[in-house]
Amino acid sequence: MKLKVAGENFLERMALLLGIPPVTLMDTHVSFMRARAIMVGTRLGVFDVLTDGALSAADVAARCGTSTIGTTKLLNALAGSGYLTYTDARYELSSVARKWLGRDSPTSMRDKVLFEFIEWSMVEGFEDYVRTGEPLDMHDFASGEQWGLYQRAMRALTGLAAPEIVARTPVPAHATTMLDIGGSHGFISVAMCRKYPALTATVLDLPSAVEQAAPILAREGMGDRVVHWPGNALEDDLGTSAWDFIYVSQLLHHFEARVNRELLRRIARALRPNGVVVVVEMLRPASPHDAGQVGALLDLYFALTSQSGTWSIDEMQGWIADAGLSVDKPIRLRTVPGAAEIIGRKTT
Ligand SMILES: C[S@@+](CC[C@H](N)C(=O)[O-])C[C@H]1O[C@@H](n2cnc3c(N)ncnc32)[C@H](O)[C@@H]1O
């Protein structure tokens, strides 16, 4: 998948073929204006108030508590961007907006888009990172509100992948105990416990994260079957032969190789015999040629926002093997292009 400049009519398509329009301005100025307009529409509630049907600009402004003039400009920008349609002086959600930003849509990315205001500030650090090689501390959020945006964003993303993860992840048949390290909202634990009636899960995450993630988990009504453990995966005792299944999703890109190797060693000790660990990560492209647009940009993003960037399958399987576990074939996730499950097994 990639973003690409496309002509809106025959003449523009021809001009693009001839290399005439300045595509760089589409890639920069137009891209960031469009992104920001969608983000602002989300934060101001434009997509929420339009979920129930078409409205005039004045009605949208009245419901969002915004100026009519500014709202009209924003609605026009969103219509030009494919997020709204405009008929008889009224604006309506396009099918894209309804699916991905509609209020109550099961696939809503609203919370992820709200977190993008924080990510916007973070990517302003690309230049400093490239100059110095010094990453940001992604988890150095200043407020509970920022932690909340982060946790809700992770939950929105996980909702898309959860059905595939639950269907394809090799949870041992006998499993009764699951540890979800860096599990945040705990939604994968919830989904696993719904599939496996004998399973209970513990979701380990940093205390500031758990404070914000607790209400997200509570909404699922799982009671004692899925509980939070506020702690630190790098410092707390994970136990010995305590867990049948350990799940570690989107955590290892935050740490250096040395730290991940040690964490996998402690995970191996914490697994029961025949237990399974599953690591989910975006994969480090083998070369810029293989990366694709999203993979290459995410590698830069993760390098800026964590201590390491993405990891290759070989690197992650190496840590698992060094921890004394046997390594299964990785599972590439269809719902998260560029991500895979890396699997280790504690054979007896
Ligand atoms: C990118 S999020 C992934 C959340 C979730 N696993 C998912 O896939 O949606 C990384 C999570 O790891 C947590 N985390 C970071 N460092 C941690 C640590 N040392 N111990 C436990 N959790 C940690 C963060 O607070 C955050 O919730």
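Here's what I pulled together on the structure shown here.

Conventions and cut-offs
Residues numbered from 1 in each chain as written. Predicted model: local features only at pLDDT ≥ 70, side-chain atom pairs only at ≥ 80, totals over all residues. Helix = DSSP H or I, 4+ residues; strand = E, 2+ residues; numbered from the N terminus. Expected span 1.5 Å × (residues − 1). Buried ≥ 20, exposed ≤ 12 C-beta atoms within 10 Å, placed from the backbone. Arc of directions from axis to C-beta. Contact = placed C-beta atoms within 7 Å. Near = placed C-beta within 6 Å. Nonpolar A, V, L, I, M, F, W, Y, C, P; charged D, E, K, R; others polar. Axes fitted to C-alpha atoms, helices over the stretch in contact; angles between N-to-C directions. Parallel < 35°, antiparallel > 145°, perpendicular 65-115°, else oblique. Left-handed = near helix turned anticlockwise from the far one by under 90°.

Side note on helix 5 (residues 68-80)
Okay, so step 1: For helix 5, which comprises 13 residues, the first-to-last C-alpha distance of 18 Å matches the rise-based estimate of 18 Å (1.5 Å per residue) to within 8%.
Okay, so step 2: When we look at burial in helix 5, the residues that qualify are T71, L74, L75 and L78. Buried residues of helix 5, viewed axially, fall in a sector of 100°; they line one side.
Okay, so step 3: Against helix 2 (23-44), helix 3 (46-49), helix 4 (57-64), strand 1 (84-87) and strand 2 (90-93) lie the buried residues of helix 5.
Okay, so step 4: G82 lies just past helix 5 and shows a positive phi near 90°.

Some words on the site of the ligand
Okay, so step 1: Within the structure, the ligand sits among 17 residues, and G182, S184, A209, A233 and S249 are positioned closest to it.
Okay, so step 2: When contributions to the shell around the ligand are tallied by element, the ones reaching two or more residues are helix 9 (144-168) and strand 4 (200-205).
Okay, so step 3: Of the residues assigned to the shell around the ligand, the class counts are 7 nonpolar, 9 polar and 1 charged.

What about the packing of helix 2 against helix 7 (residues 110-123)?
Okay, so step 1: One way to put it is that helix 2 packs onto helix 7 with a least axis distance of 9 Å and a crossing angle of 115°. Relative to helix 7, the element helix 2 is oriented roughly perpendicular. Crossing angle aside, the handedness with which helix 2 passes helix 7 is left-handed. Two secondary-structure elements touch here, helix 2 through I38, M39, T42 and R43 and helix 7 through R110, V113, L114, E116 and F117.
Okay, so step 2: Residue composition of the contact of helix 2 with helix 7, grouped by class: 5 nonpolar, 1 polar and 3 charged.

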